[in-house]
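Summary of the model geometry
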Amino acid sequence: MESAIPKIDRRMSELDEFKVEAVNDRGDPKIGALETKIETLLVDIFGADTVEYIRYVNFKRLDTASINFYHGTRIQEIREGLRRGIARAKAQLEAIKTGFLEKLEDAGRTSSSKTLKAYEGLELHTAIERAAGRLFRDGHYANAIEDAVKALNALVRLNSGVEDKDGPALMEFVFNPKNPILKFNNLADESDLNEQKGFMMMFSGAVTGLRNPRAHKIIKDDAEMALEFISFVSLLAKLADRAKK
């Protein structure tokens, strides 16, 4: 089923791209070639003469126009029949794909189900999980990322006691290596200062790069990307808790 889905997508793309208006004869070899590809796909994913193959094989026929033995079928009728046949084939392929995806989902084999399983295995910071968990599980990935960073922002405010700043300004004020309110080390040497500065930039970057774009426009994040972003934000939250005031 996993290997069949991209093959189904290719056939559906070919159906979308088929130029019905370019057909001037119902014997056009391009029609037969596409019908053969669809039949080959059905044999490939179901096997020849199986129950499933027999159930779906009729939709491979794209030319659904009637046959006029006396006067010949007009080209407009042929084209209209092709449009009907292509629409029927696409609907059937979509139904097969949807069925496969449902079975893979139930078996925990789709990308989103694998990512959800990975998410459940994370030990996220409590505040981040509370803010993002339900949104992530419901598939609202961009909102989950945005709310995770909002929770991080609130955590830094709480731990630092700084209430009059927000976002990058908050992070750069609280973690400034020259005079930090929250510090990650003793700032004893250049290496410590570099670490402090690097973490400050990571906190500031999380707000600038993750929260702000999702607060101002619609962004479509996939499950895997959201998982990695939320995990990163959780790491920052744990660092913020370990920092000394």
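Look above for the structure.
This text gives an overview of the structure that appears in the document.

Reading the values: the criteria
- Residues numbered from 1 in each chain as written.
- Predicted model: local features only at pLDDT ≥ 70, side-chain atom pairs only at ≥ 80, totals over all residues.
- Heavy atoms only, no water.
- Helix = DSSP H or I, 4+ residues; strand = E, 2+ residues; numbered from the N terminus.
- Rg over C-alpha atoms; globule rule 2.2 N^0.38 Å.
- Buried < 20%, exposed > 50% of the residue type's maximum accessible area, 1.4 Å probe, protein only.
- Contact = heavy atoms within 4.5 Å.
- Areas by Shrake-Rupley, 256 points an atom, 1.4 Å probe, with all protein chains shown as cover.
- Lys, Arg positive; Asp, Glu negative; His and termini not counted.
- Charge placed at Lys NZ, Arg CZ, Asp CG, Glu CD.
- Salt bridge = Lys/Arg side-chain N within 4 Å of Asp/Glu carboxyl O.
- Polar contact = N/O pair within 3.5 Å; in protein donor to acceptor, adjacent residues only side chain to side chain.

1. Let's talk about the overall build of the protein
A count of helices and strands for the protein gives 10 helices and zero strands. When the helices and strands of the protein are read in sequence order from the N terminus, they spell out α-α-α-α-α-α-α-α-α-α. What you see for the protein is a C-alpha radius of gyration of 29 Å, clearly larger than the 18 Å of a compact globule of 245 residues, by over 25%. The principal-axis extent of the C-alpha atoms belonging to the protein is close to 95 × 35 × 30 Å. Looking at the protein residue by residue over its 245 residues, the buried ones come to 39%. Within the protein, residue pairs in contact and separated by at least 24 positions form 62% of the contacts whose partners lie at least 6 positions apart. Counting only carbon and sulfur atoms, one obtains 51% of the accessible surface of the protein, whose full area is about 14,100 Å². Looking at charge distribution, the protein has the averaged site of its 38 positive side-chain charges lying 2 Å from that of its 39 negative ones.

2. Some remarks on the environment of Ala169
Inspection of the secondary structure assignment puts Ala169 in helix α8 (residues 167–174). In this structure the C-alpha to C-alpha distance between Ala169 and Asp222, which are 53 residues apart in sequence, comes to 29 Å.

3. Here we look at the pattern of salt bridges
Counting across every chain of the model gives 18 salt bridges. As a salt-bridge pair, Asp28 and Lys30 come within 3.2 Å of each other at their nearest N and O atoms. The class of Asp28 is buried, set by a relative accessible area of 13%. The shortest N-O distance in the salt bridge between Asp166 and Arg211 comes to 3.1 Å. Remark: Arg211 occurs in helix α9 (residues 190–216) and Asp166 occurs in the loop between α7 (141–160) and α8; sequence separation between them is 45 residues. Salt bridges sharing common partners tie together Glu21, Arg79, Glu80 and Arg83.

4. Re the side chain of Arg214
If you trace the backbone, Arg214 turns up in helix α9. At 2.8 Å, the side chain of Arg214 forms a polar contact with the side chain of Asp221.

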